[in-house]
Protein chains: 2
Amino acid sequence: MKNEKILVVGLGMIGASYACKLKLEGLYVGGISARQSTIDYALEHGIIHAGSIEVTKEFVEQFDIIISALYPKLFIEWVKKYQDYFKSGAILTDTTGVKGSVLYEIQSFLRSDVEMIGAHPMAGRELSGIESMDIHIFDGANYLITPTEKNTQHAVGVAREIGEILGFKRISVLSPQEHDEMIAFLSQLTHCIAVSLMCCKDSKHLVEYTGDSFRDLTRIANINENMWSELFLMNRTQLLEQMTVFEKEFARLHKALEESDAETMKEMMRLSTERRKLFNK
Amino acid sequence: MKNEKILVVGLGMIGASYACKLKLEGLYVGGISARQSTIDYALEHGIIHAGSIEVTKEFVEQFDIIISALYPKLFIEWVKKYQDYFKSGAILTDTTGVKGSVLYEIQSFLRSDVEMIGAHPMAGRELSGIESMDIHIFDGANYLITPTEKNTQHAVGVAREIGEILGFKRISVLSPQEHDEMIAFLSQLTHCIAVSLMCCKDSKHLVEYTGDSFRDLTRIANINENMWSELFLMNRTQLLEQMTVFEKEFARLHKALEESDAETMKEMMRLSTERRKLFNK
């Protein structure tokens, strides 16, 4: 892949971290951003070789691989608008946290001589913008590749190589459906819980009393509302299902406490302790 | 306080950490445990000056301050059984995570020449037993003193001095009711959430995909079921109320997603982000 040119579309925290790491690893990297100040910053800091705020055929068609680090809806619109500029044979991939609703739509209208392969870097911070760039966020993290029936082994291989160059610890291949169910439970549901917990009450007088549990549970309540509401809506069915599963378990514990049923409470605690042990790092 | 002798009852993780730190600070420290092996360990490791598995008048009456690190119910029984052995004028304090139901009961039957002052060290680990002892768990942590109408300023002062010697970062005084409401929300509710989340599904196949959010949210799902079910039941009314508050907020987010109501979702996310900022360490 060393000779292929990579275009990163969207130079926010994730896009800029991708671009910088790929460039450090010796690849030629271009960048597109909506803002000239972002392109300037990226060029000044050596994050990209070339950048543009205008999307022109001349600029885009030089790239063999296009990586989107845009929000999912914007990504779909961007491909619709500019796919005519893509080089024939280009591989298109992404970084979005929902897969089914993005991939099937893009594959439904994408030019047949270009291939879209979904990927999800499970790394992030409660930060945004190019200044938050950090090439170390991939260390120890998971990278998921989500091919559909339309994808070739070649494209899966390209996505895997990108994940390897970025330095992810574990690269897995799973279907968009498996991905979306898993992410609804592990990531989106946990964000729903953290947000709901912070909404419960004005808690500023509690800061001085808090222990680590509340702090840990609400770390992710510091949330980018535009991105996350979009992710939730684009994985709506799966997330609603996981929310219901959680509500049922929580209601079971609530009922046990209401009935002073210590045995059910202990049973749930034993199960949770046993299962949680597997997740220790 | 340097000349007063302190007895720590119960040499689990918290009791042993108390004893060791107080002894290191130059105080004379005795220990009581149900197991000889624990006393032997405590003596061998210099955690206490003297120890006993038998509760005798001769042993107990030499101490000016008695600190219980027993589970709440056992603590109440222990005082009932052995209060005749206490030195006249002794101060009794504790480490339990619920206050109202413990303090009022003990104060209702306690000898009038002995004073019970409640305290709650907000420090802990997902570990138990004397081998988990760690005198650094108090660094940076909160220590809460919860006097009732029956307490004297002298006893509050003694509890404060203990907190200072142990090295707590912040010492606060609040009523048992305020304490129990706060702890139901900040600590017990968060444990209920973590336990329920782990009970949702057999998640072992998810370990390789998980990001930090799920790990953070479920750290405390590794839980001592005997202690926590007792704590929940002893603060039942308060915890039930907080569970209901959380269920309502979670249901609000659930409904917003169901109705694809992005505005309500974003509003909740903005509120949670704003509130969470205060909790950054």
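Refer to the preceding data block for the structure.
K.L.:
Help me understand the environment of Met 234 of chain B, please; the structure alone is not making it clear to me.
P.N.:
Residue and element names in this part refer to chain B. The topology assignment puts Met 234 in helix H9 (residues 225–234). Sequence separation between Met 234 and Asn 142 is 92 residues; the distance between their C-alpha atoms is 22 Å. Apart from the residues within four sequence positions on either side, Met 234 is in contact with Pro 72, Lys 73, Ile 76, Val 98, Ser 101 and Val 102.

K.L.:
Whenever I open this one, the interface of chain B and chain A confuses me. Can you help?
P.N.:
Interfaces are often sized by the amount of accessible area the parts lose when they come together. Residue-level contacts link 82 residues of chain B with 82 residues of chain A. Across the interface of chain B and chain A, roughly 8600 Å² is buried in total on both sides, 69% from carbon and sulfur atoms. When residues of chain B are sorted by the area they lose upon contact with chain A, Tyr 209, Phe 250 and Phe 279 of chain B head the list and together hold 9% of the total. The interface formed by chain B and chain A contains six salt bridges. Taken together, chain B and chain A are joined by 32 residue pairs in polar contact (both at pLDDT 80 or more). Along the lines of polarity and charge, the residues of the side of chain B that touches chain A split into 41 nonpolar, 20 polar and 21 charged.

K.L.:
For this particular structure, what's the right way to read the pairing of strand S7 (residues 142–146) of chain A?
P.N.:
Along any regular strand the residues' side chains alternate between the sheet's two faces. Residues and elements named next belong to chain A. In terms of residue burial, S7 counts as a mostly covered element, since five of its five residues are buried. Neither face of S7 is exposed, since Asn 142, Leu 144 and Thr 146 on one face and Tyr 143 and Ile 145 on the opposite face are all buried. Summarising the sheet, strand S6 (residues 115–122) and S7 pair through five bridges and their orientation is antiparallel. The residue of S7 that forms the bridge with Gly 118 is Thr 146. Relative to strand S8 (residues 170–173), S7 is paired through four bridges, and the arrangement is parallel. When the sheet's bridge partners are listed, Tyr 143 is paired in S8 with Ile 171. In this fold, S7 hands off to helix H6 (residues 153–166), which returns the chain to S8; that crossover is right-handed.

The rules behind the values
- Residues numbered from 1 in each chain as written.
- Chains lettered and ligands numbered in written order.
- Predicted model: local features only at pLDDT ≥ 70, side-chain atom pairs only at ≥ 80, totals over all residues.
- Heavy atoms only, no water.
- Helix = DSSP H or I, 4+ residues; strand = E, 2+ residues; numbered from the N terminus.
- Contact = heavy atoms within 4.5 Å.
- Buried area = accessible area lost by both parts, 1.4 Å probe.
- Salt bridge = Lys/Arg side-chain N within 4 Å of Asp/Glu carboxyl O.
- Polar contact = N/O pair within 3.5 Å; in protein donor to acceptor, adjacent residues only side chain to side chain.
- Nonpolar A, V, L, I, M, F, W, Y, C, P; charged D, E, K, R; others polar.
- Buried < 20%, exposed > 50% of the residue type's maximum accessible area, 1.4 Å probe, protein only.
- Pairing = 2+ DSSP bridges.
- Right-handed = clockwise from strand over helix to strand, strands pointing away.

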